[in-house]
Amino acid sequence: MSRRVVITGMGCVSPVGNSVEESWDNLVNGRTGVDHIPAWVEARYNDRPLTVHIGGQVKNFDPKDWITPVKDVKRMDRFIHLAIAAGEQAWASSGLPEKLTDEEAARAGGIIGVGLGGIITLLNEYERFVHGAAKKVSAFMIPGIIGNLAPGHLAIRHNLKGPSWAPASACSSGAHGIGESFQHIKEGRADLMVCGGSEAALHPLAMMGFASMQALCSTHNDNPKAASRPFDLQRNGFVMGEGAGVVILESLERAQARGAKIYGEIVGYGSSGDANHITAPAPQGEGAQRAIKEAIGMSGLSIEDVDYVNAHGTSTPFNDKTETQALRGVFGAHADKLLVSSTKSMTGHLLGAAGGVEAIFSALALENGIVPPTLNLDNPDPDCDLDYVPHEARKADISVAISNSFGFGGTNAVLMLKKYTGA
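Computed from a predicted model, the values in this text were never measured in an experiment. (Residues numbered from 1 in each chain as written. Predicted model: local features only at pLDDT ≥ 70, side-chain atom pairs only at ≥ 80, totals over all residues. Heavy atoms only, no water.)

1. A look at the overall build of the protein
Heads up, the rule is: Runs of H or I in DSSP of at least four residues are treated as helices and runs of E of at least two as strands, each being numbered from the N terminus. Taken over C-alpha atoms, the radius of gyration is set against a globule rule of 2.2 Å times the number of residues to the power 0.38. Buried, partly exposed and exposed residues are distinguished by accessible area as a fraction of the type maximum, computed with a 1.4 Å probe on protein chains only: under 20%, between the cut-offs, and over 50%, respectively. Whether two residues touch is decided by their heavy atoms; if any such pair falls within 4.5 Å, the residues are in contact. Accessible areas in this description were obtained via Shrake-Rupley with a 1.4 Å probe; residue shielding takes into account the shown protein chains only. In this tally Asp and Glu are treated as negative and Lys and Arg as positive; neither His nor the chain ends contributes. Charge coordinates come from a single atom per side chain, which is NZ of Lys, CZ of Arg, CG of Asp or CD of Glu.
For the protein, the helix and strand inventory stands at 14 helices and 16 strands. What you see for the protein is a C-alpha radius of gyration of 20 Å, in line with the 22 Å of a compact globule of 423 residues. Each principal axis of the C-alpha atoms in the protein carries an extent, and together these give about 65 × 55 × 40 Å. Within the protein, the fraction of its 423 residues that count as buried is 61%. Counting only contacts in the protein whose residues sit at least 6 apart along the sequence, the fraction spanning at least 24 positions is 78%. Accessible surface, the protein: about 16,300 Å² in total, of which carbon and sulfur atoms supply 53%. Each charge sign in the protein was given a centre, from 36 positive and 45 negative side chains, and these centres are 5 Å apart.

2. A closer look at a nonpolar patch on the surface
Quick note on the threshold: Each patch is built from residues lacking any salt bridge and having more than 30% relative accessible area; the joining distance is 9 Å for like charges and 5 Å for nonpolar side chains (Val, Leu, Ile, Met, Phe, Trp, Tyr). Salt bridge, as applied in this entry: a Lys or Arg side-chain nitrogen positioned within 4 Å of an Asp or Glu carboxyl oxygen.
On the surface, a cluster of nonpolar side chains totalling about 310 Å² of accessible area is made up of Y126, F129 and V130. Given the relative accessible area of 49%, Y126 is considered partly exposed.

3. Focus on the nonpolar core
Applicable threshold: In these notes, a set of buried Ala, Val, Leu, Ile, Met, Phe, Trp, Tyr and Cys residues joined through side-chain atoms within 4.5 Å is what counts as a nonpolar core.
Counting residues in each nonpolar core, the largest one holds 45 residues, and the members touching the most others are I7, M10, I178, V247, L249 and I398. Secondary structure elements with two or more residues in this core: β1 (5–13), α1 (20–28), α8 (173–186), β8 (192–199), β9 (243–251), β10 (264–273), α14 (354–368) and β16 (411–418). Examining the composition of this core, we find that 9 residues originate from one element, α14, more than from any other. Beyond its immediate stretch of four places on either side in the chain, L249 contacts V5, V6, I7, I178, S181, F182, I185, D191, L192, M193, C195 and I266. Among the nonpolar cores identified, the runner-up in size contains 31 residues, and F61, L154, V194 and I248 belong to it.

4. Re the environment of G95
Here G95 is to be found in the loop between α3 (78–94) and α4 (102–105). Take G95: its relative accessible area is 58%, and that puts it in the exposed class. Sequence separation of G95 and K261 is 166 residues, and the distance between their C-alpha atoms is 8.3 Å.

5. Side note on the packing of α1 against α14
Selection rule: The axes are straight lines fitted to the C-alpha atoms, using for helices just the contacting stretch, and the angles between their N-to-C directions are given from 0 to 180°. Angles are sorted into four bins: roughly parallel if under 35 degrees, roughly antiparallel if over 145, roughly perpendicular if 65 to 115, and oblique for all others. We call Asp, Glu, Lys and Arg charged. Ala, Val, Leu, Ile, Met, Phe, Trp, Tyr, Cys and Pro are nonpolar, and the rest, Gly among them, are polar.
At a closest axis distance of 11 Å, the pairing of α1 and α14 adopts a crossing angle of 70°. By the criterion of interaxial angle, the relationship of α1 to α14 is roughly perpendicular. Every residue of α14 that contacts α1 at V20, S23, W24 and L27 is listed here: I360, F361, L364, A365 and N368. Looking at the contact of α1 with α14 residue by residue, the class counts come to 7 nonpolar, 2 polar and no charged.

6. Observations concerning the pattern of salt bridges
Inspection of the entire model under this criterion finds 25 salt bridges. With a shortest N-O distance of 3.2 Å, R229 and D232 are connected by a salt bridge. Here D378 and R229 are joined by a salt bridge, their closest N and O atoms 2.9 Å apart. In this pair, D378 sits in the loop between β13 (370–371) and β14 (394–395) while R229 sits in the loop between α9 (204–212) and β9, placing the two residues 149 residues apart along the sequence. Look at R229 and you get buried, because its relative accessible area is 9%. Residues joined by salt bridges that share partners form a network here, namely E104, E250, R254 and R258.

7. Re the packing of aromatic side chains
Convention followed: The aromatic pairing rule takes the rings of Phe, Tyr and Trp, using the six-membered ring of Trp, and pairs them if the centres are within 6.5 Å, calling planes under 30 degrees apart stacked, those over 60 edge-to-face and the rest tilted.
Inspection of the entire model under this criterion finds 3 aromatic pairs. Arranged with centres 5.2 Å apart and planes meeting at 75°, the rings of F210 and F238 form a pair that is edge-to-face. In this pair, F210 is assigned in helix α9 and F238 in the loop between α9 and β9, connecting sequence segments 28 residues apart. Assigned by exposure class, F210 and F238 land together as buried.

Structure below.
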């Protein structure tokens, strides 16, 4: 069995907005969400300041707007708060009833990826433990931090009794969540899936861990809005961010039968491993190339059909050069016709949430005929020689896009999306 799979709902909480609409408006208008994190600017550890105090923080977000009863807010980590908010937005936009019937429920599930899980809650509870409050460690700590509770809570809310799990594949987690859900529906194992990624790891310890890995975390503290600069010669590392992106996928038949609005179609998915290094990508992006080729092959389309690439584009020296090589390796002469942009130039790197949020941005680019820009590309790296849509969004007649997500450990996930035309 091979069925068509469409997007019928989208939800997003990101550094550039607390909804899909707000995030997209800021994105296409080149408004970055990267800034100083006030608590980090003044922070001192062993009388030393943090070396990095910028990030892509979700702002003006109140989990009480999304979670009831209110007492449950304290029983969840922030990554679960963000996932629920994005999931509820997606569910509302899909036009689905609040709860599925038991008959429908067995054919509906959720796969939402996360990179680091509930690291903030874990560290806070550890502090309570080591300072003599062992008896006060929360009984809700474990269910508050484990990754599968993001899809788990959404399953309970909407009666989803099908597959329910959380990929933990670093920065590919969100894309794997969507890709694996796509496969479930395509192969007839499910009819509806709630999927994507969530992450909330903006804690000084996590940031310092990345900063200690040389050139992996930007130190442009003096100019945070220009810190994330993918494909630029002066890039010096990624900017950590947080957020969640969740989509509702359904079989085309199910979506049509209920008269659902269709935002786009997933037509291909590729997943591969580099088997090369724990942080550095494989030479020439060999693993990424295989994932891109797999996604295109699954779609039944050709490389010439691809118009837009939402790049992984982290703003690290190795990734941006290697991703460029991978795109040239796959697309050959057609690479010069591609429109490529890194929305991480405005959101920062959302780690496990990146693939979910960027799949939404890719679908919106196709639906609206607008390619979001790559901000801060002031001095292009000669080794990064594609059309990265610098500085300003560009109107374009585009029909097919790929969204790249690559992670530590050499994990690669590529989603291929197509504009839905009703045909």
